[in-house]
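Analysis of the macromolecular model
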Amino acid sequence: MSEKKNLEQAISNIIKVIKEYNKHRKLFQDLFRKVKYQLDPSIFPEAFQFNTKDTSFIIRVPQSSTTGLKYAGVDGGIIHRSMNFFDVALIRAVGVLFYHNKDEKPKVKYFPEKNPFPDILTSVEPLAQNEIDYLIALWRIQKEIRCAIDLLENDSPDILILDGSVLPVIDVKSIQGNEFLFSQYLRLKALYRRLYTLSRKKRCLLCGVIKDSRSAILTRKLSLILPHLSKRPEFKELLDIDYRPIIKQLRDTDLLFNVLDINERTFESHLSKFNEYEKDLEDFDIHFFYLKTAEYDTPLRVEFPVLFSDSTNLAQTISSLICSISTFHPEYGLPSVIIEADARAKIREDDADILIDEISSRIGYSSFSLQKRRARNPWS
Amino acid sequence: MKMIGTVIVTQTTPNPSEFHFVITKDSKDFQLKRDMYIVVDTPEEEGKVIAQVKDIIKTNRYFSSPSAVKAYETSGKTLASIFPADSWEYIIAKAKALGIHTKQGVKRLQYPVSPGDNVFLADSNLLSKFLGLDQDNGLYIGKLEHHDIKVKLNLTRFLQKHLAILAISGAGKSYTVSVLLEELLNRKKEQGRIATILFDVHGEYKGLKETGAKINEQIEVISASYIQFATHSISAAQFANFQPDISPVQLRELYVVLGRMYNEKVKKGVSYTISDIMEEIENDERMNQRTKDALNGWLFELEKTKLFGVKEFPNLKEKTKPGKLLIIDLSDFTSLRQKQMIVSYTLSRLFELRKKSEIPPVSVILEEAHQFAPESKLSLAISRPIINTIAREGRKFFISLILISQRPVNLSTTTLSQCNTQIIMKIMNPYDLEFIGRTSEGIDRDTLNSITTLGVGEAIVVGNAVNHPIYVKIRERITKNLETKNLEQVAKNFDL
């Protein structure tokens, strides 16, 4: 009986926390929704460490047509197996390029091809589990960026969308002690630099879309301006509570889910600082905004390097193009090229099993004996 | 051979009975159809696996979720205009393994094909051999559906035993019979020719004689009104068959009388009529008067049919010749009993003559066979006993039956079950279908279900003539003169 009571208690506590969080989230969502067009972020340059061109917190995105537009997307797929003596990963990336002529179905090109055979990468380095995870992530991103470069070298899209960040998002501190991993990181950075340069040369808008972003960069910045905002009548409620711990809990997408309407974006901001290892990319100015492309989907975080000095409003152009190829489904607002690239790049678990079986049969081991003990649990 | 796909794994296949494969050939170059024959080349085995496509499924990830399709298309654009949806379309086919074709012949498949094995469109030569077709000397009845292969059925396999042609009215039974007749009549001596007798219930085949085709000379049409039985060749048992209510005592007495007449007349080369029998009975001092009266009553009734005479016409021994067709036109007769008597007499005579090898091997075509071998009581089925006898024993004496019916459920089960080959055309009646399923050994549930979907001139051949049930598009007839009139035309002509 007491066990049941404990379980009941635990569930009640979880529900209480969630309800509390939802209550706070709603409070902030309602407040920012009220002032979303009035709040001018350009008057808080210090808080945002950036002189944004946008004069309201939320901007409506103009409609644009896909007719005559050449747009591309890149995504990668990966399957990783940690065996007793080695790690093996199947990685592939696919670039897709759509070209629309009026309302006809898109003409499609694939890079390097429609169904490329995955790279089979193995490592016998004695790496810790977290290091293995970094290595696999590095390999995957390298593959995707190479694929994007390949696409740009062979064609000239108006916009190229990466699935994920336009920066090498790796916790460098964790890998700097490992020469092998760090060399992989340096290689990745070089690839990014090449991609930026090529995009600039080809006058291609480059951006990355991050779905389900867990970032809190915007809410953190907003927390800095809240003391100023609390003087506004709409924010009067904030004076009654200690809002600082609450806003610290909020992720950007949680706050923005109900603040943004479809075809709206947040003001253009920039990624505050490059870390010390990314200094050599600093000459590329990376900006971001959140964009709502589906009514019941969390906003996309869109990052883009400012590659063209003569461009008047890159954020508006990019957001408009992304909306034109993403706003078809009320619960799933991803760009069509990313959906297609994801489907093409996906690798099935079975494919990895076939590979492991083949390797084990050739070296004379059963695939079972190659697996780690936890994977060999006969009862799992 | 043209490669069309690759064997894939599903939860339960490949197994020795069936497998799935994905089409890898571009649909612009090739279109897979249900019931097509395919081949899997199994490298580790000694032959080629032949299979038949039983189902074709198209899949497309973009259209796999109804809610996603609805949600996207509610946006005002079609999914196909947003995504390259057509490039995600895959065709997966389910195939039934029929057997493995080896140098030693066809074997049952006892192990599955392997995932990843290549699938090819069956090559004509291989398929022909596998299905048991006889491209050199066979009877060409049509083309194998979906394949450019002539269906030529080996004469022995096809007609040494019996054949049933079953279909609803208007599905092409008579057309198919005409095609078959053309093939039988066009056979050369060195190919082996048989004689053919056709009972033409509706008089629709007599036109074959007037087609102007070369085979005219080999056809003879005799109207049933001229038919005469040689009374002396009819046994007491046959008389009893014509008059099923005859009692055992009467039959015994008739047997004695006919035996005496055989010794006194037939042995001396003298024939007799029914009147002669009646007179012989009347003069029999030993026979009870009541028996005499009853027997003469039965015989008088038979005499009234005017079918019984001194000599047989047509002379079946003379008219039954290799490569010849004798059409007995029953259309002038309205009495089913008389038609059954003609069929009964003729078949009995042919059987007797074949037993003595006095006539060549013969096939007897019986239109509306359910009228002549019905599953009803004997008094309504005078011809059934001899039909059943030939159905059971005819194979040994090379006399075969070709039974044609639009109501198989009314046909004698014994007779139909002896028809080792069946040509089944469109049938809609569920009772008929069920009956065919029960009486036909070579037909599986899938094939049975497809019978209702057959078009005019399309047929399934199942049984002894082929190694596996096949779908055939019956070939075009050479003789064109068998005109079928439509209601509108007949009404107009009448009103002129």
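Residues numbered from 1 in each chain as written. Chains lettered and ligands numbered in written order. Predicted model: local features only at pLDDT ≥ 70, side-chain atom pairs only at ≥ 80, totals over all residues. Heavy atoms only, no water.

**A closer look at the overall build of chain B**
On a plain count of helices and strands, chain B comes out with 17 helices and 20 strands. Along the first, second and third principal axes, the C-alpha set of chain B runs to 100 × 60 × 45 Å. In chain B, which comprises 496 residues, the share counted as buried stands at 52%. Of all intrachain contacts in chain B linking residues separated by at least 6 positions in sequence, the fraction that spans at least 24 positions is 72%. Surface summary for chain B: the accessible area is close to 23000 Å², and the carbon and sulfur share equals 49%. One finds the centroid of the 66 positive side-chain charges in chain B at a distance of 2 Å from the centroid of its 58 negative side-chain charges. (Helix = DSSP H or I, 4+ residues; strand = E, 2+ residues; numbered from the N terminus. Buried < 20%, exposed > 50% of the residue type's maximum accessible area, 1.4 Å probe, protein only. Contact = heavy atoms within 4.5 Å. Areas by Shrake-Rupley, 256 points an atom, 1.4 Å probe, with all protein chains shown as cover. Lys, Arg positive; Asp, Glu negative; His and termini not counted. Charge placed at Lys NZ, Arg CZ, Asp CG, Glu CD.)

**Details of the overall build of chain A**
For chain A, the count of helices and strands is twelve helices and eleven strands. Computed over C-alpha atoms, the radius of gyration of chain A comes to 23 Å, within 12% of the 21 Å expected from 2.2 N^0.38 for 380 residues, which places it in the range of a compact globule. In terms of overall dimensions, chain A has a C-alpha envelope of 75 × 70 × 45 Å along the principal axes. Within chain A, the proportion of its 380 residues that are buried is 52%. (Rg over C-alpha atoms; globule rule 2.2 N^0.38 Å.)

**Observations concerning the environment of B:R187**
Residues and elements named next belong to chain B. Topologically, R187 is positioned in the loop between α5 (173-185) and β11 (195-200). Distance in space between the C-alpha atoms of R187 and L139 is 8.5 Å, their sequence separation being 48 residues. For R187, the residues in contact, after removing those within four places along its chain, are N137, G138, L139, L155, G192 and R193. Separated by 2.7 Å, the side chain of R187 and the backbone oxygen of N137 make a polar contact. (Polar contact = N/O pair within 3.5 Å; in protein donor to acceptor, adjacent residues only side chain to side chain.)

**Concerning the interface of chain A and chain B**
Chain A puts 19 residues into the contact, and the matching count from chain B is 17 residues. Close ionic contact of A:K105 with B:D86 constitutes a salt bridge, the shortest N to O distance being 2.7 Å. At the surface where chain A touches chain B, the tally comes to four residue pairs in polar contact (both at pLDDT 80 or more). Mapped by element, the contributors of at least two residues to the side of chain A that touches chain B are β4 (107-111) and α10 (336-345) of chain A. (Salt bridge = Lys/Arg side-chain N within 4 Å of Asp/Glu carboxyl O.)

**A word on the packing of helix α7 (residues 248-264) of chain B against helix α8 (residues 274-282) of chain B**
Residue and element names in this part refer to chain B. Interaxial distance between α7 and α8 falls to 10 Å at its minimum, and their mutual angle equals 110 degrees. When the axis of α7 is compared with that of α8, the two are roughly perpendicular. Between α7 and α8 lies a crossing of right-handed hand. On α8, the residues that touch L254, V257, L258, R260, M261 and E264 of α7 are D276, I277, E280 and I281. Class assignment of the residues belonging to the contact of α7 with α8 gives a composition of six nonpolar, no polar and four charged. (Axes fitted to C-alpha atoms, helices over the stretch in contact; angles between N-to-C directions. Parallel < 35°, antiparallel > 145°, perpendicular 65-115°, else oblique. Left-handed = near helix turned anticlockwise from the far one by under 90°. Nonpolar A, V, L, I, M, F, W, Y, C, P; charged D, E, K, R; others polar.)

**Some thoughts on helix α5 (residues 179-202) of chain A**
All names here are of chain A. In this model, α5 (24 residues) spans 35 Å end to end at C-alpha, consistent with the 34 Å of a helix rising 1.5 Å per residue. Burial in α5 covers these residues: L181, Q184, Y185, L188, K189, L191, Y192, L195, Y196, L198 and S199. If you follow the buried residues of α5, they end up packed against α3 (129-154), β6 (159-163), α4 (172-175), β7 (205-210), β10 (285-292) and β11 (300-306). With a side-chain oxygen positioned 2.9 Å from the backbone nitrogen of F180, the residue opening α5 is N178. Positioned one or two residues after α5, R203 has a phi angle of 55 degrees, which is positive. (Expected span 1.5 Å × (residues − 1).)

**Notes on the pairing of strand β2 (residues 70-82) of chain A**
Looking along a regular strand, one sees the side chains alternate between the two faces of the sheet. Residues and elements named next belong to chain A. Within β2, ten of the 13 residues are buried, which leaves it mostly tucked inside the rest of the structure. One ladder, built from 13 bridges, connects β2 with strand β3 (residues 87-99); its direction is antiparallel. Residue pairing across strands places D75 opposite V94, the latter belonging to β3. What sits between β2 and β3 in their antiparallel hairpin is a turn of four residues. As judged from the four bridges shared by β2 and β6, these two strands associate in the parallel manner. Within the sheet, the bridge partner assigned to G73 lies in β6 and is I161. (Pairing = 2+ DSSP bridges.)

**Points about the domain arrangement of chain A**
According to the domain assignment, chain A contains domain 1 (2-34 + 217-249) and domain 2 (60-215 + 262-347). Taking only C-alpha atoms into account, the centre of domain 1 of chain A sits 32 Å from that of domain 2 of chain A. (Domains from an automatic or database assignment.)

**Quick look at the confidence of the model for chain A**
Summarising the model, chain A shows a mean pLDDT of 85, and 91% of its residues fall at 70 or more. When mean pLDDT is taken per element in chain A, β6(A) scores highest with 97 and helix α12 (residues 367-370) of chain A scores lowest with 57. (pLDDT = per-residue confidence, 0-100.)

**Focus: the confidence of the model for chain B**
Per-residue confidence for chain B gives a mean pLDDT of 89; residues scoring 70 or more make up 97%. Within chain B, strand β9 (residues 150-153) of chain B carries the highest mean pLDDT (96), whereas helix α17 (residues 487-495) of chain B carries the lowest (80).

**Section: the packing of aromatic side chains**
Under the definition given, this model contains 18 aromatic pairs over all chains. Taking the centre distance of 5.9 Å and the plane angle of 40 degrees together, the rings of A:F182 and A:Y185 count as tilted. Here the residue A:F182 and the residue A:Y185 both occupy positions in helix α5, the gap between them amounting to three residues, near one helical turn. In this structure an aromatic cluster arises from ring pairing among A:F328, B:Y62, B:Y72, B:F83 and B:W88. Geometry around A:F308 places A:R203 over its ring, the cationic atom sitting 4.4 Å from the centre. For B:K355, the ring lying beneath its charged end belongs to B:F397, and the centroid distance is 5.9 Å. (Phe/Tyr/Trp six-rings, centres within 6.5 Å; stacked < 30°, edge-to-face > 60°. Lys NZ or Arg CZ within 6 Å of the ring centre and 35° of its normal.)

**Considerations on the domain arrangement of chain B**
All names here are of chain B. Looking at the assigned domains, one finds that chain B contains domain 1 (3-131), domain 2 (150-227 + 313-492) and domain 3 (230-307). One C-alpha centre belongs to domain 1, the other to domain 2, and the line joining them spans 39 Å. Across the boundary between the two partners, domain 1 contributes ten residues, which contact nine residues of domain 2. The junction of domain 1 with domain 2 conceals about 780 Å² of combined surface from both sides, 43% of it contributed by carbon and sulfur atoms. Of all residues in domain 1, D35, K54 and L131 give up the largest surface area on contact with domain 2, accounting jointly for 47% of the area buried on that side. (Buried area = accessible area lost by both parts, 1.4 Å probe.)

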